[in-house]
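A closer look at the structure
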Amino acid sequence: ILCSECYGINETVVLVDDDAEEEEEGEEAEESTEVEVERAVAEEDTTPVLSCLTFTRMSTILSFFKACHSGYLLHKNDFVRIVKQADYTPQGLKTCTPADLFDRFDTFNVGLMDWREFIVHLLFWCEPRLTAAQRDTAFNSRANPDYIEGPELLDLFDQRADLGPDPLDLDAFTEIGFFFEQNMNEERFECYRSILWETFNEDGVINPDVLVLFLCADEQPLRGMHKAFAMATPCSVDDEPCALDGPLFDFVFHFSAANPRSLAVWDPFSQVTQREVFEVCGVDELLFQDLCGTHVGRVLLNNAQCFRRKSFTQQIQSALML
């Protein structure tokens, strides 16, 4: 997968086709992409998605991502050209550079990321609970009006129930309520819903299982894994145990486009390892407690970095002063 080597962030995307025999088709694709991006930014919408990001700018980022991704995989060179540090830097927050931020999403160090994961993090986990000024003066734990609570496990259960098990078209999706709706005014909420639709719809429908799994990321990756385990379980009754069969267990570890199998790197969640887990536990449907209670299960859980919530802030490193 090659970097698309496009643009100079001037709201125009240029895609290069190196095959001389397909030059005419390449030019048509280029014109189509330019029209699509220009249409996305033609009407300025200053509705704040975050305190540092307008809906128009967010739409532009999405348009660029879609123009140069391959199966939702985005190259690092493309990311650092598209995303500006100001896009994810609320006032007073010390954030890392786009290159460093990309590395946090590049779990397997191959120079590729699933850009949907970045969009979800940007929407829900970029704004701090307290702004810099509020941290100095207040004890109010809900002082930043742009901050979004959750989602906690109960929020995710309710969200999955609202989304349902079947693919959603645009009409059905616009009728869905979301856990974050109470945290914002109607105008901002509609922006969020529009962004989620543009991020996750494939051929005019959204797979609700994929959307809810991206919402499972947690500061504690084991807790995030627990959330994902529960969300992937096709249980219809709250009191039913959350148990996964083989195909669903595999899906939890490979739902992202940037999973180790698709990237052709070492896969700690390989089918061989999965079979070993089921054999050791002696079950056809695996409980989360089964994983925690076996050595091979704990090894697998310790490698579940795909559900670690990424931080936008600078990492504080201690140094030995000589």
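Scroll up to find the structure this text is about.
Quick look at the structure, then. (Residues numbered from 1 in each chain as written. Predicted model: local features only at pLDDT ≥ 70, side-chain atom pairs only at ≥ 80, totals over all residues. Heavy atoms only, no water.)

**Remarks on the overall build of the chain**
Defined as follows: Runs of E in the DSSP output that reach at least two residues are strands. Runs of H or I that reach at least four are helices, and both are numbered from the N terminus. Summary of the burial criterion: residues with accessible area below 20% of their type's maximum are buried, those above 50% are exposed, and those between are partly exposed, where the area comes from a 1.4 Å probe applied to protein chains only. Pairs of residues are marked as contacts when any of their non-hydrogen atoms sit within 4.5 Å. Each accessible area is a Shrake-Rupley estimate made with a 1.4 Å probe; only the visible protein chains count as cover when residues are assessed.
From N to C terminus, the chain includes 16 helices and eight strands. Buried residues in the chain amount to 47% of all 322 residues. Across the chain, every contact between residues at least 6 apart in sequence was considered, and the portion connecting residues at least 24 apart equals 65%. For the chain, the accessible area works out to roughly 16,700 Å², and carbon and sulfur atoms hold 49% of it.

**Section: the packing of aromatic side chains**
Keep this limit in mind: In this scheme Phe, Tyr and Trp rings, the latter by its six-membered ring, pair at centre separations within 6.5 Å, and the angle between planes marks the pair as stacked below 30 degrees, edge-to-face above 60, and tilted otherwise. Here, a charge over a ring is recorded when the distance from Lys NZ or Arg CZ to the ring centre is within 6 Å and its angle to the ring normal is within 35 degrees.
Overall, the coordinates contain 29 aromatic pairs when judged by the stated rule. Where Phe124 meets Phe179, the ring centres are 5.6 Å apart and the plane angle is 35°; that geometry is what we call tilted. In this pair, Phe124 is assigned in helix H5 (residues 115–124) and Phe179 in the loop between helix H8 (170–173) and helix H9 (186–200), connecting sequence segments 55 residues apart. In this structure, Phe124 and Phe179 share a single accessibility class: buried. Note that Arg116 overlies the ring of Tyr72, its terminal NZ or CZ placed 3.9 Å from the centroid.

**Notes on the nonpolar core**
For clarity, the cut-off: Only buried residues count toward a nonpolar core, which is a set of Ala, Val, Leu, Ile, Met, Phe, Trp, Tyr and Cys residues joined through side-chain atoms within 4.5 Å.
Phe65, Phe118, Phe124 and Phe180 are the most contacted members of the largest nonpolar core, which has 85 residues in total. Setting aside residues no more than four positions away along its own chain, Phe180 makes contact with Phe124, Ile148, Phe189, Tyr192 and Leu196.

**Side note on the side chain of Thr47**
To keep things clear, this is the line we draw: Within 3.5 Å is the distance limit for a polar contact, defined as a pair of N or O atoms, with the added protein rule that one can donate a hydrogen and the other accept it, and that residues adjacent in sequence qualify only through two side-chain atoms.
For Thr47, the position within the fold is in the loop between helix H1 (23–42) and strand S1 (48–50). Residue classification places Thr47 among the buried residues on the basis of a relative accessible area of 6%. A polar side-chain atom of Thr47 sits 3.3 Å from a polar atom in the side chain of Glu187. Ignoring anything within four residues of it in the chain, the contact list for Thr47 reads Leu53, Thr54, Phe55, Glu187, Arg188 and Cys191.

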